[in-house]
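Fold and contact review
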Amino acid sequence: MVREQLKGKNIVITGASGGIGAEIARLCAASGSNLVLLARSIDKLVQLQNQLQQKHQVKVDVYQLDVSDTNQVKEVFTDIFIKMGHVDILVNNAGFGIFREAHQASFDEIKGMFDVNVVGLMACTSMVLPKMRERRFGHIINIASQAGKIATPKSSVYSATKHAVLGYTNALRMEVSDFNVLVTSVNPGPIATNFFNIADEKGTYVKNVQRFMLQPEYVAGKVVDSMLKKTREINLPRWMNMGSIVYVLFPRLFERLGKKAFNQK
Ligand code: NJP
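Owing to the predicted nature of the structure, the values given are computational and were not obtained by experimental measurement. (Residues numbered from 1 in each chain as written. Predicted model: local features only at pLDDT ≥ 70, side-chain atom pairs only at ≥ 80, totals over all residues. Heavy atoms only, no water.)

**A look at the overall build of the protein chain**
Looking only at helices and strands, one finds 11 helices and 7 strands in the protein chain. Counting only C-alpha atoms and orienting by the principal axes, one finds that the protein chain spans roughly 55 × 40 × 35 Å. In the protein chain, which comprises 265 residues, the proportion classed as buried is 50%. Taking the intrachain contacts of the protein chain between residues at least 6 apart in sequence as the baseline, contacts between residues at least 24 apart amount to 70%. For the protein chain, the exposed surface amounts to about 13,000 Å²; the carbon and sulfur share of it is 54%. Put simply, the protein chain has 33 plus and 22 minus side-chain charges, and the middle of one group is 7 Å from the middle of the other. (Helix = DSSP H or I, 4+ residues; strand = E, 2+ residues; numbered from the N terminus. Buried < 20%, exposed > 50% of the residue type's maximum accessible area, 1.4 Å probe, protein only. Contact = heavy atoms within 4.5 Å. Areas by Shrake-Rupley, 256 points an atom, 1.4 Å probe, with all protein chains shown as cover. Lys, Arg positive; Asp, Glu negative; His and termini not counted. Charge placed at Lys NZ, Arg CZ, Asp CG, Glu CD.)

**Topic: the packing of aromatic side chains**
All chains considered together, the criterion is met by 9 aromatic pairs. Ring geometry for Phe212 against Trp239: centres 5.2 Å apart, planes inclined by 90°, an arrangement best described as edge-to-face. Taken together, the residues span a long stretch of sequence, with Phe212 in the loop between helix H7 (204-209) and helix H8 (216-225) and Trp239 in helix H9 (residues 238-249) at a distance of 27 residues. Accessibility expressed as a relative area gives 22% for Phe212, which makes it partly exposed. Arranged with centres 5.6 Å apart and planes meeting at 50°, the rings of Phe254 and Phe262 form a pair that is tilted. (Phe/Tyr/Trp six-rings, centres within 6.5 Å; stacked < 30°, edge-to-face > 60°.)

**A few points about the layout of surface pockets**
Here the second largest pocket defines a volume of roughly 200 Å³. In terms of lining, the second largest pocket is formed by His139, Arg173, Ser177, Asn180, Val181, Leu182, Val183, Thr184, Lys229, Lys230, Thr231 and Arg232. Of the residues belonging to the lining of the second largest pocket, the class tally is 3 nonpolar, 5 polar and 4 charged. (1 Å grid on protein atoms, 1.4 Å probe; cavity = no way out; pocket = protein on both sides within 12 Å on 5 of 7 lines; lining within 4 Å. Points joined across faces, edges and corners; volume = space filled by probe spheres on them. Nonpolar A, V, L, I, M, F, W, Y, C, P; charged D, E, K, R; others polar.)

**Observations concerning the site of the ligand**
Near the ligand you find 30 residues, and of these Ser41, Ser145, Tyr158, Pro188 and Thr193 are the closest. Within the side chain of Arg40, a nitrogen or oxygen atom sits 2.7 Å from an oxygen atom of the ligand. Measuring from a nitrogen atom of the ligand, one finds a backbone N or O atom of Val67 at 3.0 Å. The fraction of the free accessible surface of the ligand (890 Å²) that becomes covered by protein chains is 93%. (Near = heavy atom within 4 Å. Polar contact = N/O pair within 3.5 Å; in protein donor to acceptor, adjacent residues only side chain to side chain.)

Here is the structure:
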């Protein structure tokens with residue numbers, strides 16, 4: 001499916017070596033966008049680059065980037081601007097989680113999750129904002145999580161990073177609204193990706209939530225459909241988001257009644 005509004009647009013995707021990021025890249029390439037794909041696994045990026053260039057005759061650049069290294073972020077984005085001139089859409093997708101109770105999370109794990117999910121996302125955003133504001137055009141899409149709306153046991157640190165992403169995203173949306181720059185957060189529930197290889201080392205959560213796992217292609221489709229459109233949030237699946245609305249209204253009751261459902265990890 002070709003999304004006409006994306007033809008010839010410059011799109012940068014972090015965490016594009018697999019999962020949702022790679023699926024978003026596939027759909028954007030099918031719409032004729034120029035892509036910059038970022039991740040640490042350069043071999044996977046090069047493979048995807050070759051596939052997309054052959055199949056869709058689009059321009060795809062790849063860079064090895066650990067988004068938690070802010071010096072590297074600066075260098076890579078500086079180079080992207082030299083080559084592309086401007087970025088129309090930034091998809092901040094790189095992220096990871098480790099399911100652990102707070103008392104078991106090591107300082108390295110805590111710092112690691114914040115450095116990638118929060119600081120890395122903010123650093124990439126900072127690099128594209130000045131030009132987007134100047135051009136009065138652009139879209140920043142932050143992949144957060146339903147974990148950014150409801151924190152559940154064994155997700156204390158991961159949820160905290162995604163709450164931070166949502167706080168940042170909501171303020172940013174207001175900051176740039178007069179500059180015609182769009183800001184969208186994406187809050188999915190569990191998606192069948194490699195995310196759980198790290199997050200859920202015992203496989204308990206995957207087993208328990210298997211029946212309502214989202215497919216990465218579906219989530220990516222919703223993200224790409226929202227591109228360059230004024231979409232505040234994408235919440236998937238819908239019923240899970242209803243839960244987060246009720247949670248805001250009746251937190252104590254919700255935590256008590258939902259205790260079993262929240263203890264899936
Ligand atoms: O996971 P996965 P997803 N610097 O593991 C990259 C959120 N989310 O697609 O660096 C740069 O297949 C990694 O690349 P590499 C989640 O929090 C997920 O599911 O080569 N990139 C890979 O391309 C995350 O924000 C679920 O290892 C780094 C990508 O990130 C986003 O969705 C539910 C990096 C991760 O791909 C994509 O995750 C939810 C670094 N330091 C939110 N570290 C879910 N799957 O259930 C990792 O609500 N990456």
